[in-house]
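# Breakdown of the fold
The chain contents come next:
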Amino acid sequence: MSTRRRTLAVIVAALIAGLCFGPVFGFRSLIVPLGLVCLVVYAVSELCRYRPGLSSWRPLLVALSGLLAVVETVLRATTVAGLPTVGSVRALGRGLTSWQLTLESTWPARPDPDLLVFIPLLVLLACLLGLELLDRTPPLVAVLPALIVVGVSQLYIALTGLAAVLVAIGYGSVVAALLLPDRVRSDKAQRWTPLLALGVVTVVAVVGSLVVSSVDPVGRKPYTLQQAQSAAAPTNRLTSPLDELAGRLNPRNAQTVVFRYKSAGPVSRWRQVALDDFDGANWTTSHPFLRMGSELAPGAEVDVSVTTQQAEVELKGLTGPWLPGQLLPAAVSGAIEPQIEPVGGTLLTAEAPDKYELTWSKPVVDANYLLRAGVEPDATDGLGDLGAAPNEVAAVASEALAGRRATFATALALETYMRKRYKLAVAEPLPTGHSWPQLKRFLVDDEPGTSEQFAAGYVAMARSNGIPARLVVGFRTPAKADADGWYTVRDGDALAWPEVAVEGVGWWPLDPAGQAEVGKPVVPGSDTDVTDEARAKVPPVNQIEDPAVAPPAKDDGGNRSWGGFDFPVFGTFVVLAALLLLWLFGVPLLKSARALRRQRRTGSAAVVGAWAEARDRLRAHGVVVTPGMTVRDLGTASADVADERARAGLATVAGSVDRALWSGGPMDPHVSREAWAGVREVRRGLRARPWSARLHAALEVRSLF
């Protein structure tokens, strides 16, 4: 049995790996269950050290005691008087899929048992495998299970900054503890080896991470498994609030109360859904919905300071599933399993609550900041497709801004252009629709439109001019509260508006329909109030100055600098060229060497080698090979690839395999020669294939494995 120090080092490595999930759930939620699991595992290992007769039972004891620790910490609610129940066992079973549920939540996620339980299970498995490897392999091999858990954690949220440095130092200490000899000799090399290992591991980890981050020329976000995961959406097709807009604006429904709210701060709009995909007929969104976790922070696109605002919302005429919300929601309480689409701030719930509380973040900017701001061209889907835009609409969009570059000032100029040129429909029947035919009548034929046509038309023209924009549907708010301090929102307050992506601020709402000009007062201190102040300072579009363009970078003779890091372009080219040559010449050479090695075998092994060679040759040509496939099965599967000669060669190989493996008689050397003769016939038959197919097969790498 390994020393106590090495055992403790392996357990600490597993603990560090589990704590790497801290950004997902918060360190406070993890420290107790992970600490108890590791403590129990260490106690079992010490028990086996004092009672050697239990050593053979150690894996089972570690597993059972670790699972008990998970139950007593994470799954305490499933126990009765502290004792595990059938519900505890079922909860542990559900832990095998809780990793997926965690991906379906915003982070930091709520530390619910159904989400959290997979992390202590991973740590327990890393401890169990690490202790067993420690007794059977070199010491450093025992750290591999913990490192795999670290890799899994990084696929959730990649550690950065001080946290990453601390993890590197922690694993450097683990390596030093594993390499430290049981008896320290007087030899200086023996004394300094563990400390050198600590330094090397830490320096390599830190410097390597800095290099990797520095050579990324586009500043991409780290990959996360959440990009490919979404919470399960309702199975029935949901009616978009955009399709309901015309019905709400109908005068017969205008006074119907939809919800009431109470908030200490100014609120100008309540959003229901943000739509950024347009195919020419329908506005939709393809962003995933996630379960609402713990408090959600503003995204990296918001660089300005923010304030926290809170409101209590009481639903009246709204039955869901869309909840009135704000752009940067932080937390929702009072709703059952709320879901959020983080990019658009859309809130969704399967069961509409009577009342809920919403907390959100609000960027703090003034009119002067907005006027100096540019737009964010990398905003998600802000410059998405527009379908087949009519030529007349494209001409109007080009005329509106006269070729000015995209800034927030030009976004306001486009808003002013629409306010002056187009009319807001007030007479019945109100126009409906948001596809190109309706937008063409509105933008080109100058027919009056509702906020639906104004918002959709603005987004179309903005994107045509390089301004990232999307369409939002929701409600405007009354300027004055009722006598009881609550604000009442009615169907007649339904509204569609565009949002543009402002650099450093995020998405910012505009009002091309000019609702305030038709008797809809502006809420003082709201974002609409700030926008009105900025709009008043925007000069005519032909007087707007384009932002200065940065001068081209000076040629540095072969290197390019990103973020202060000189990237060796020439050296990179040499490395890539060497890899290309290695692929072009190395793969065919490896295949030839493999065939020669197989042919040099003796006895039945040579026949098996011939079968393997024929199989891999056909696999390189795209024939699907499945486990358990016989030679004759391969002949059937390769009917579309192999000609008569190749199929005859496969039949020869099949006969040789039968005689070598199933005849029961002595192995005749003639059988192996016959098998390889069949392989040569397969090769000759494949030469009749087109040259492009033969080249692809020669360079195909997967058949090497």
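Everything discussed here concerns the structure shown above.
First, a word on what this report is: a plain description of the structure on this page.

Calculation notes
Residues numbered from 1 in each chain as written. Predicted model: local features only at pLDDT ≥ 70, side-chain atom pairs only at ≥ 80, totals over all residues. Heavy atoms only, no water. Pairing = 2+ DSSP bridges. Helix = DSSP H or I, 4+ residues; strand = E, 2+ residues; numbered from the N terminus. Axes fitted to C-alpha atoms, helices over the stretch in contact; angles between N-to-C directions. Contact = heavy atoms within 4.5 Å. Buried < 20%, exposed > 50% of the residue type's maximum accessible area, 1.4 Å probe, protein only. Salt bridge = Lys/Arg side-chain N within 4 Å of Asp/Glu carboxyl O.

## What to know about the sheet that holds strand 12 (residues 469-476)
- Taken in spatial order, the 4 strands of this open sheet run 2-12-14-15, and their pairing is antiparallel. Of all strands in the sheet, those bounded by a partner on one side alone are strand 2 (269-275) and strand 15 (506-509). Put simply, the sheet's adjacent strands are angled 40° from each other on average, direction ignored.
- Relative to strand 15, strand 14 (residues 494-502) runs antiparallel, the two being bridged by 4 bridges. Across the sheet, the residue bridging to A501 is W507, located in strand 15.
- The strands that helix 17 (residues 451-464) touches are strand 12 and strand 14; relative to strand 14, the one it contacts most, it runs at about 20°.

## Concerning unusual backbone geometry
- Cis geometry is adopted by the peptide bond preceding P108, which originates at W107 and carries an omega value of 0°.
- On the secondary structure map, P108 appears in the loop between helix 6 (98-103) and helix 7 (113-116).
- Its identity is not glycine, yet A81 carries a phi of approximately 55°, on the positive side.
- Judged by its relative accessible area of 79%, A81 falls in the exposed class.
- A positive phi angle, close to 60°, is found at D446, a residue other than glycine.
- Looking at the secondary structure, you find D446 in the loop between helix 16 (436-443) and helix 17.

## Observations regarding the pairing of strand 6 (residues 306-315)
- With 5 bridges connecting them, strand 1 (residues 257-263) and strand 6 associate as antiparallel partners. The residue bridging R260 from the neighbouring strand is E314, located in strand 6.
- Sheet topology places strand 6 next to strand 11 (residues 355-363); 9 bridges connect them, and they run antiparallel. Paired with E312 across the bridge in strand 11 is E357.

## Quick notes on the pattern of salt bridges
- Applying the stated criterion to the full structure yields 40 salt bridges.
- Between E399 and R421 there is a salt bridge, with its nearest N and O atoms 3.9 Å apart. Taken together, the residues span a long stretch of sequence, with E399 in helix 14 (residues 391-401) and R421 in helix 15 (residues 408-421) at a distance of 22 residues.
- In this structure, the salt-bridge partner of D446 is R421, at a minimum N-O distance of 3.2 Å. Separated by 25 residues along the polypeptide, D446 in the loop between helix 16 and helix 17 and R421 in helix 15 bring together distant segments of the chain.
- Residues joined in a network through salt bridges with shared partners are R594, R598, E613, R615, D616, R617, R619 and R683.

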